[in-house]
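# Observations on chain architecture
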Amino acid sequence: MRRVGLVLGLGFLWLPILLLIGYAFSADRIPFQWGGFSLRWFAALAANARMLDAAWLSLRIAAGAATLAVLLGGMTGWVLARHGPFRGRALFGLLAGAPLVLPEVVTGLSLLLLFVVLQGAAEAALGWSPDRGALTILLAHATVGLAYVAVVVQARLAGMDAALEEAAADLGAPPFTVFRTVTLPLMAPALGAGWLLAFTLSLDDVVVASFVSGPAGTTLPMLVFSQLRIGLTPEINALATMLLAVTALALLGAGLLLRGRNTPRS
Amino acid sequence: MRRALVLLPPFLWLLLLVAAPVVILLGIAVSEGAPGVPPFTPAISLQDGWRGTAQNLLTLAQDGYYAAALLRSVLVAGVTATLCLLLAYPMALGIAAAGERWRVLLLALVLLPFCTGFLPRLGAWIGLLRDGGWVNGVLIALGVTTEPLPLLYSDGAMYLGMVHAYLPFAVLPLAATLLRRDMSVEEAAADLGASPWVVFRSVTLPLSLPGAAAAFLLVFIPAAGEFVIPELLGPPEALLVGRALWGEFFQNRDWPLAAALAVALLALLIVPIRVFQGLDEGGSRRGASPPARGPGERPGMSK
């Protein structure tokens, strides 16, 4: 019974993906129609300058946003798990959790309105304001990523006994040394997982990016979305196959790394 | 205090990029539209004071078009979340029952579809469901139909895409709850002569309810504002709040009305969101975290 449900569910999840991968190697011009084995769509992808430009922009935004998200989200998670009570704690927790539950269209629209107000203020004060584009997308994605990293880090720290840090402090280690030698190593797997999560979210987002971007910033998902609205092309299958291969390899590598030095849980 | 150095950067960031945008959104929702860049007259300004209007919110309440969009979004989100829950429950039971090695692999199989990217997966559904597509080919070969069925751009295609995209969100909290459950209660019930079905109905199912509620809401909340899936797979005229908001913003350039729609969507979602956050806190409090110690106490050595 259980097995049947599991197999059916996984089959449903994977059927379109397996077909997509299979037909990425089909020579036929019509997607999802078999025309013999061929790598022509991978070659077409490699020659598609617009697609490559958008992919390069997306990768840079995702890497930047994930890095910012890990820095700020790591701090946020630590504050939620380890910082004692302080004024405004309830507000802090509410704000840190908000991006997780706000619908994408609301996040996108509200961030755009903020950027417009900031641009207006810069215009009034300096007579000049930066355009919306890669920078505003990066700030928006870092904010969403921050919330996800904070959840992962908070859960990791909550599962760890604070006694380890207290023992180090009792033995005379100054606060920064305690953080560097005990807390940070404990947080490290959560920070790594959080970075990957924030990176994937950024690389997959079309709604928030469409709202906050300007004329100059077209990310890969924005380009793919506009193409899908017109019609399906086999190149998109080739692109998805490449993405899956790269992420599967990255996950495999991360899994092997983590297995190598698994920290014992208290 | 050095701890403030850790607290301050994220707090300022959250105030600027989470709190301020929502406040501005509320402000624009009660502003008047005006030609120009940006296309509205601020509700509050230093020169003119308060110039707000409730017109946008009134429009939403009075114009049946927007009320219908909001209502239909809630319905679509509810149906999607229910379907996801029904599909996810047996999957989560199977994952929870598997050995540790298998469990990691199965969880990876549930999560890995995320990595192909959300849009190419929708593209795959377009390719499978269109008139000359795979599904119609199979149906014709089986003799179910002679003419290709209009499967794409329908409510069915939209639900298929929604369930496919959101199913992993439902599986994960359910599997986590089922994994944490105390198996000895089920064994006791079985020892006392309960049939497997009775054990499931009277022990497993009630124990998993918090996870099921989390799974439902984790799908329901984002699905209510979904834009991309109905746009790519649904019928062109399907009226949903995400699409209405997108249209007001990008096509009609009516920013105040788009903001008012966003505020209305938030108002509808505030109760599910609070319930979800309550479940979440309950879950982490029940988790493995030891009670926080006061700074003056000696660390216990009883481990």
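Note that this is a predicted model, so its numbers are computed, not measured.

Counting its regular elements, chain B contains 13 helices and four strands. Across chain B, contacts joining residues at least 24 apart in sequence account for 69% of those joining residues at least 6 apart. For chain B, the exposed area adds up to about 15000 Å²; of that, 67% sits on carbon and sulfur atoms.

What follows is about the overall build of chain A. Each helix and strand in chain A was counted, giving 11 helices and zero strands. In sequence order, chain A lays out its α and β elements as α-α-α-α-α-α-α-α-α-α-α. On the principal axes, the C-alpha backbone points of chain A span a range of 70 × 60 × 35 Å. In chain A, which comprises 266 residues, the proportion classed as buried is 50%. Within chain A, residue pairs in contact and separated by at least 24 positions form 68% of the contacts whose partners lie at least 6 positions apart. Mean positive and mean negative side-chain charge positions of chain A (16 and 12 charges, respectively) differ by 7 Å.

Those places that UniProt annotates as "domain: ABC transmembrane type-1" (unreviewed entry) correspond, in this numbering, to residues 55–254 of chain A. This span, residues 55–254 of chain A, is 82% helix and 0% strand, and a straight line between its end C-alpha atoms measures 23 Å.

Where a protein is soluble and globular, its nonpolar side chains tend to be buried together. Residues A:Leu109, A:Phe211, B:Leu119 and B:Val228 are the most contacted members of the largest nonpolar core, which totals 165 residues. Beyond its immediate sequence surroundings of up to four residues, B:Val228 is in contact with A:Val206, A:Val207, A:Phe225, B:Phe118, B:Leu119 and B:Leu122. Core analysis: the second largest hydrophobic core is formed by five residues, A:Met160, A:Ala168, A:Val178 and A:Val182 among them.

To continue, consider the UniProt feature "transmembrane region" (unreviewed entry) in chain A. If you check UniProt for "transmembrane region" (unreviewed entry), the listed places come out as residues 61–80, 92–118, 138–157, 178–200, 206–226 and 238–258 of chain A in our numbering. Taken end to end, residues 61–80 of chain A has its terminal C-alpha atoms 27 Å apart, with 100% of it in helix and 0% in strand.

All names here are of chain B. For the pair helix H7 (residues 155–180) and helix H10 (residues 209–224), interaxial distance at closest approach is 8 Å and the crossing angle is 155°. Between H7 and H10, the angle falls in the class roughly antiparallel. As for the relative orientation of H7 and H10, their crossing is right-handed in sense. Contacts from Met162, Tyr166, Phe169, Ala170, Pro173, Leu174 and Thr177 of H7 reach H10 at Gly211, Ala212, Ala214, Ala215, Leu218, Val219, Pro222 and Ala223. Class assignment of the residues belonging to the contact of H7 with H10 gives a composition of 13 nonpolar, two polar and no charged.

Moving on, we come to the UniProt feature "domain: ABC transmembrane type-1" (unreviewed entry) in chain B. Mapped onto this numbering, the UniProt entry gives "domain: ABC transmembrane type-1" (unreviewed entry) at residues 70–276 of chain B. Between the end C-alpha atoms of residues 70–276 of chain B the distance is 20 Å, and the span holds 78% helix and 0% strand.

All right, on to the packing of helix H3 (residues 64–97) of chain B against H10(B) then. Residue and element names in this part refer to chain B. Close contact between H3 and H10 brings their axes to 8 Å; oriented N to C, the two are set at 140°. Every pair of crossing elements has a handedness; the one defined by H3 and H10 is right-handed. Facing Ser73, Val74, Ala77, Gly78, Thr80, Ala81, Thr82, Cys84 and Leu85 of H3, the residues of H10 in contact are Ala212, Ala215, Phe216, Val219, Phe220, Ala223 and Ala224.

This brings us to the pattern of salt bridges. Counted according to the given criterion, the structure contains five salt bridges over all chains. The shortest N-O distance in the salt bridge between B:Arg72 and B:Asp155 comes to 3.1 Å. Placement of the pair is B:Arg72 in helix H3 and B:Asp155 in helix H7, with a sequence separation of 83 residues. Residue B:Arg72 is classed as partly exposed on the basis of its relative accessible area, which comes to 24%. Its salt-bridge partner being B:Glu231, residue B:Arg243 comes within 3.0 Å of it at the nearest N-O pair. Placement of B:Arg243 in helix H12 (residues 241–251) and of B:Glu231 in helix H11 (residues 228–233) is noted, with a sequence separation of 12 residues between them. Look at B:Glu231 and you get partly exposed, because its relative accessible area is 23%. Three or more residues are tied together by salt bridges with common partners; here these are A:Arg229, B:Glu231 and B:Arg243.

Procedures and definitions
Residues numbered from 1 in each chain as written. Chains lettered and ligands numbered in written order. Predicted model: local features only at pLDDT ≥ 70, side-chain atom pairs only at ≥ 80, totals over all residues. Heavy atoms only, no water. Helix = DSSP H or I, 4+ residues; strand = E, 2+ residues; numbered from the N terminus. Contact = heavy atoms within 4.5 Å. Areas by Shrake-Rupley, 256 points an atom, 1.4 Å probe, with all protein chains shown as cover. Buried < 20%, exposed > 50% of the residue type's maximum accessible area, 1.4 Å probe, protein only. Lys, Arg positive; Asp, Glu negative; His and termini not counted. Charge placed at Lys NZ, Arg CZ, Asp CG, Glu CD. UniProt positions renumbered as here; feature names shortened; annotations may be inferred. Core = buried A, V, L, I, M, F, W, Y, C linked by side-chain atoms within 4.5 Å. Axes fitted to C-alpha atoms, helices over the stretch in contact; angles between N-to-C directions. Parallel < 35°, antiparallel > 145°, perpendicular 65-115°, else oblique. Left-handed = near helix turned anticlockwise from the far one by under 90°. Nonpolar A, V, L, I, M, F, W, Y, C, P; charged D, E, K, R; others polar. Salt bridge = Lys/Arg side-chain N within 4 Å of Asp/Glu carboxyl O.

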